[in-house]
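# Commentary on secondary and tertiary structure
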Amino acid sequence: MIVTHIKLKNWKNFRSVSTDLRERTFIVGPNASGKSNFIDVFRFLRDVARGSGGGGLSKALEAREGIKAIRCFAARKDTRIEIDVTLAEDSSSKMKWRYVLGLKNEGKGSNRDLVSYEKIYDENDELILDRPDKKDKEDPERLTQTHLEQVNSNYGFREIADFFSGVTYLHLVPQLLKYADQMGGYRLEGD
């Protein structure tokens, strides 16, 4: 599978971005223009999807110092973060999955970082997951985790979790220089 479209709202230095991606997409720009911040959304989804394997939403947010650190500084009135990713088998195929994740800070009480909404659409554009649901409203603690990271909850769309958990980030020039003798055809663990 590949990511064919991504839409971000209030993600790091991007107040709003929506772009199509191809099997080979290059992100080019001057230093400090947001290239790494844009790519970090895929690493973030990887960390969320790893759930019981040392990841999950709380771990992904903790690694980035919480929602307040990843939220766009320009977000004044609507401070919710949104990640909307469309997946397909290849660039010529129609949508297979669409995953939408909204995040917010509780802002009161225990001041937790929470899922404000989580939606999954299938290849027929039918909504198969729509959170918060009745159980979430009865037990708000459930909103500290995504269904993507829970193997008991992601059965019907585990392919999405497997895809995201397999993301590897290679910053080629520094890693090639530092690990040239180790990389010869091998993939380094993690980033």
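This text follows the structure it describes.
No experiment lies behind these values; they were computed from the predicted model shown.

## Looking at the sheet that holds strand β3 (residues 81-88)
Pairing within the open sheet is antiparallel, and its six strands lie in the order β2-β1-β3-β4-β5-β6. The open sheet has two edge strands, β2 (14-20) and β6 (127-131), and neither has a second partner. Going from strand to strand, the sheet's axes swing by 10° on average, the running direction of each strand aside. Here strand β1 (residues 2-11) pairs with β3 via seven bridges, running antiparallel. Directly across from Lys7, in β3, lies its bridge partner Asp84. The sheet strands contacting helix α1 (residues 35-49) are β1, β2, β3 and β4 (95-105), and the helix crosses β1 at an angle near 105°. The strands touched by helix α5 (residues 158-165) are β1, β3, β4 and β5 (113-121); relative to β4, the strand with the most contacts, the crossing angle is about 75°.

## Remarks on the pairing of β6
When β5 meets β6, the two strands line up antiparallel, connected through four bridges. By the bridge assignment, Tyr121 is partnered in β6 with Leu127. Here β5 folds back onto β6, and the loop between the two strands holds five residues, one of which, Asp125, carries a positive phi near 65°.

## Considering the environment of Leu143
Locating Leu143 in the fold gives a position in the loop between α4 (134-138) and α5. For the pair formed by Leu143 and Leu103, sequence separation is 40 residues and the distance between their alpha carbons is 9.6 Å. Sequence-distant contacts of Leu143, defined by excluding residues within four places in its chain, comprise Leu114, Val115, Arg131, Pro132 and Asp136.

## So, the nonpolar core
Counting 38 residues, the largest nonpolar core has Trp11, Phe44, Ile160 and Phe164 as the members making the most contacts within it. Of all the elements, α1 adds the most residues to this core, at seven residues.

## Focus: the pattern of salt bridges
Any two side chains of opposite charge can pair if their charged atoms end up close together. Inspection of every chain in the model, using the stated rule, returns 17 salt bridges. Two residues, Asp136 and Arg131, come together in a salt bridge whose shortest N-O distance is 3.0 Å.

## Overview of the pairing of β4
A large share of β4 lies buried, amounting to nine of its eleven residues. Strand direction decides the pairing type here: β3 and β4, joined by eight bridges, are antiparallel. When the sheet's bridge partners are listed, Ile83 is paired in β4 with Leu101. Counting the residues that bridge the hairpin from β3 to β4 gives six residues. Sheet topology note: the β4/β5 ladder contains eight bridges and is antiparallel. Each residue of the ladder has a partner; that of Val100, found in β5, is Lys119.

## What about the environment of Arg43?
With respect to the helices and strands, the residue Arg43 is situated in helix α1. Classification of Arg43 as partly exposed rests on a relative accessible area of 23%.

## Quick notes on unusual backbone geometry
Of note, the amide linkage connecting Arg131 to Pro132 takes the cis form, showing an omega dihedral of 5°. Within the secondary structure layout, Pro132 lies in the loop between β6 and α4. A positive phi is found at Lys12, a non-glycine position, where the angle reads about 50°. Relative to the helices and strands, Lys12 is located in the loop between β1 and β2. If you check the backbone angles, Asp125 has positive phi at about 65° while not being a glycine. On the secondary structure map, Asp125 appears in the loop between β5 and β6. According to the relative accessible area criterion, Asp125 is partly exposed, its value standing at 49%.

Rules used throughout
Residues numbered from 1 in each chain as written. Predicted model: local features only at pLDDT ≥ 70, side-chain atom pairs only at ≥ 80, totals over all residues. Heavy atoms only, no water. Pairing = 2+ DSSP bridges. Helix = DSSP H or I, 4+ residues; strand = E, 2+ residues; numbered from the N terminus. Axes fitted to C-alpha atoms, helices over the stretch in contact; angles between N-to-C directions. Contact = heavy atoms within 4.5 Å. Core = buried A, V, L, I, M, F, W, Y, C linked by side-chain atoms within 4.5 Å. Buried < 20%, exposed > 50% of the residue type's maximum accessible area, 1.4 Å probe, protein only. Salt bridge = Lys/Arg side-chain N within 4 Å of Asp/Glu carboxyl O.

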